[in-house]
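Structural characterization, general
So you can see what is in the structure, the chains are spelled out below.
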Amino acid sequence: MAGLTWRYHTLIQALLSRGPLKEEEFHEVFIGVSGKNPVKHQNVFNEALLRINNALAYVQFELRACRNQYDGKVYYGVVNNVADEQSKLGTKYSAPQIAFYKGVIDAVINDAGLEGAISNIDALNVRLENQIVLSQAQQDSTAKLPTAFKLFNMSQKEKTLQELIKDRWLCQTSSDKIGLGIRSFFDLRGWFRTNEVPSCDVCNEAGVKASICLKEGCSVRIHDYCLKKKFSKRTGARACSGCGTEWPLPEYESEEIDENNTTSPDESQIASANPVLRDLRKAKTEKFDSSQDASQRKKRRICKPEPAETVEVPRRGRSRARKA
């Protein structure tokens, strides 16, 4: 990385020290070191990322962008492209903690509801011996559970769970469940494909938190943000690409259709919902009533003449009349 200037070093250091950054946060760092807005100067931004990745490739690292499937926001981070035994030496977690993390990941991936999250109780009830059997089944079917795994009790699981959330390997969702952290989405990208985790039909990334087709037996799944991009403001048929079943209308699009509804609702319904229109309608009604009263009075005048009203003459008119 000797060919990179201090500006590129600052970008790399920001990602390494602060972890994955939201897109707007990384853009702020880029503006600070380059003086250019990456949105307006997209070519300059892409060229900088390309130069950084060419340098990081020497140490088998990569700067990449990844989308958080829970909030749909884009993050930037530096990840290791090689998952070998040497790279595992750099982790601060023990073997039982890593096995516990893998067990939680498996439970989240196998969530039948595709919420991409499990309850806190389900996470703490993950059995570590299942991970040992999976890794050693081919070598020794009678492998015994190591002592460190046997001593890994519930309190240690709770502590590890909080550490994984703090380090953003796991997260606590808005529904107070345990889901994958943004660092897991970065580092497990290859693991998702190796383990054949079903991917999103739109972006081809692992569909950890997604919506699934309503037809039984159809495996098509789409991320919520991809679903919005695919079906929002589209007048055509919302059919599943796998089986042709009509995809359910998302809630956000239902609200959008209601706002842009071309049919004119009843005026009384509008007035009752909007106080400004209600007052306007009241003013129109009063004006209409006054005009009706005026027309009635006019009719009465035609039917029965009334004495003419005396009109006061302006002062100038009075003086001229006296002179005359």
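Our subject in this report is the structure included herewith. (Residues numbered from 1 in each chain as written. Predicted model: local features only at pLDDT ≥ 70, side-chain atom pairs only at ≥ 80, totals over all residues. Heavy atoms only, no water.)

A short note on the overall build of the chain
A count of helices and strands for the chain gives 16 helices and 8 strands. When the 324 residues of the chain are sorted by exposure, 31% land in the buried category. Pairs at least 24 residues apart make up 49% of the contacts formed inside the chain by residues separated by at least 6 positions. Of the roughly 22100 Å² that the chain leaves accessible, carbon and sulfur atoms contribute 50%. (Helix = DSSP H or I, 4+ residues; strand = E, 2+ residues; numbered from the N terminus. Buried < 20%, exposed > 50% of the residue type's maximum accessible area, 1.4 Å probe, protein only. Contact = heavy atoms within 4.5 Å. Areas by Shrake-Rupley, 256 points an atom, 1.4 Å probe, with all protein chains shown as cover.)

A word on the packing of helix H1 (residues 6-18) against helix H2 (residues 23-34)
Axis separation between H1 and H2 bottoms out at 9 Å; the angle between their running directions is 155°. By the criterion of interaxial angle, the relationship of H1 to H2 is roughly antiparallel. Between H1 and H2 the crossing geometry is right-handed. Seen from H1, the contacting residues are Trp6, Arg7, Thr10, Leu11, Ala14, Leu15 and Arg18; seen from H2, they are Phe26, Val29, Phe30, Val33 and Ser34. Looking at the contact of H1 with H2 residue by residue, the class counts come to 8 nonpolar, 2 polar and 2 charged. (Axes fitted to C-alpha atoms, helices over the stretch in contact; angles between N-to-C directions. Parallel < 35°, antiparallel > 145°, perpendicular 65-115°, else oblique. Left-handed = near helix turned anticlockwise from the far one by under 90°. Nonpolar A, V, L, I, M, F, W, Y, C, P; charged D, E, K, R; others polar.)

Regarding empty space enclosed by the protein
Within this structure, the stated rule accounts for 1 cavity of 30 Å³ or more. Each pocket or cavity is described by its volume, and for the largest cavity that value is around 30 Å³. Grouping the amino acids of the lining of the largest cavity by side-chain chemistry returns 5 nonpolar, 1 polar and 2 charged. (1 Å grid on protein atoms, 1.4 Å probe; cavity = no way out; pocket = protein on both sides within 12 Å on 5 of 7 lines; lining within 4 Å. Points joined across faces, edges and corners; volume = space filled by probe spheres on them.)

Quick notes on the packing of aromatic side chains
The relation between two aromatic rings is expressed through the spacing of the ring centres and the mutual angle of the planes. One pass over the structure, following the stated rule, counts 8 aromatic pairs. Seen in terms of ring centroids, Phe45 and Tyr76 are 5.9 Å apart; in terms of plane orientation they differ by 85°. Their pairing is edge-to-face. One end of the pair, Phe45, is in helix H3 (residues 42-56); the other, Tyr76, is in strand E3 (residues 74-80), with 31 residues separating them in the sequence. When sorted by exposure, Phe45 lands in the same class as Tyr76, which is buried. Residues Tyr101 and Trp169 carry aromatic rings whose centres are separated by 6.0 Å and whose planes lie at 70° to one another, so their mutual orientation is edge-to-face. (Phe/Tyr/Trp six-rings, centres within 6.5 Å; stacked < 30°, edge-to-face > 60°.)

Let's talk about the environment of Lys144
Summarising the element assignment, Lys144 is placed in the loop between helix H7 (128-136) and helix H8 (147-150). A relative accessible area of 74% places Lys144 in the exposed class. The sequence separation of Lys144 and Ile132 amounts to 12 residues, and the corresponding C-alpha distance is 8.7 Å.

A look at the pairing of strand E2 (residues 61-67)
Pairing geometry for E2 and E3, over 7 bridges, is antiparallel. When the bridges of E3 are listed, Arg67 appears paired with Val74. Once E2 ends, the chain turns through 6 residues before running back antiparallel as E3, passing Gly72 with a positive phi of about 75°. (Pairing = 2+ DSSP bridges.)

Observations concerning the nonpolar core
The biggest cluster of nonpolar side chains holds 34 residues, and the ones touching the most others in it are Val104, Leu170, Leu180 and Phe192. Contributing elements (two or more residues each) for this core: E3, helix H5 (95-109), helix H6 (120-124), H7, helix H9 (154-166), strand E6 (178-180) and helix H10 (182-187). When near neighbours in sequence (up to four residues on either side) are disregarded, Leu170 contacts Tyr101, Val104, Ile105, Leu161, Leu164, Ile165, Ile178, Gly179, Leu180 and Gly181. Counting residues in hydrophobic clusters, the runner-up holds 21 residues, among them Leu11, Leu21, Phe30 and Ala48. (Core = buried A, V, L, I, M, F, W, Y, C linked by side-chain atoms within 4.5 Å.)

Let's talk about the pattern of salt bridges
Summed over the entire model, instances satisfying the criterion amount to 7 salt bridges. One salt bridge connects Arg127 with Glu129, and the closest N-O pair in it is separated by 2.4 Å. Shared partners join several salt bridges into a network, and the residues in it are Arg189, Arg193 and Glu205. (Salt bridge = Lys/Arg side-chain N within 4 Å of Asp/Glu carboxyl O.)

A look at unusual backbone geometry
What you tend to see is this: most non-glycine residues have negative phi, and most peptide bonds are trans. At Gln60, a residue that is not glycine, the phi angle is positive and equals roughly 60°. On the secondary structure map, Gln60 appears in the loop between H3 and E2. You will see that Asn204, though not glycine, has its phi angle at about 65°, which is positive.

Nothing here speaks to function; it is all geometry.
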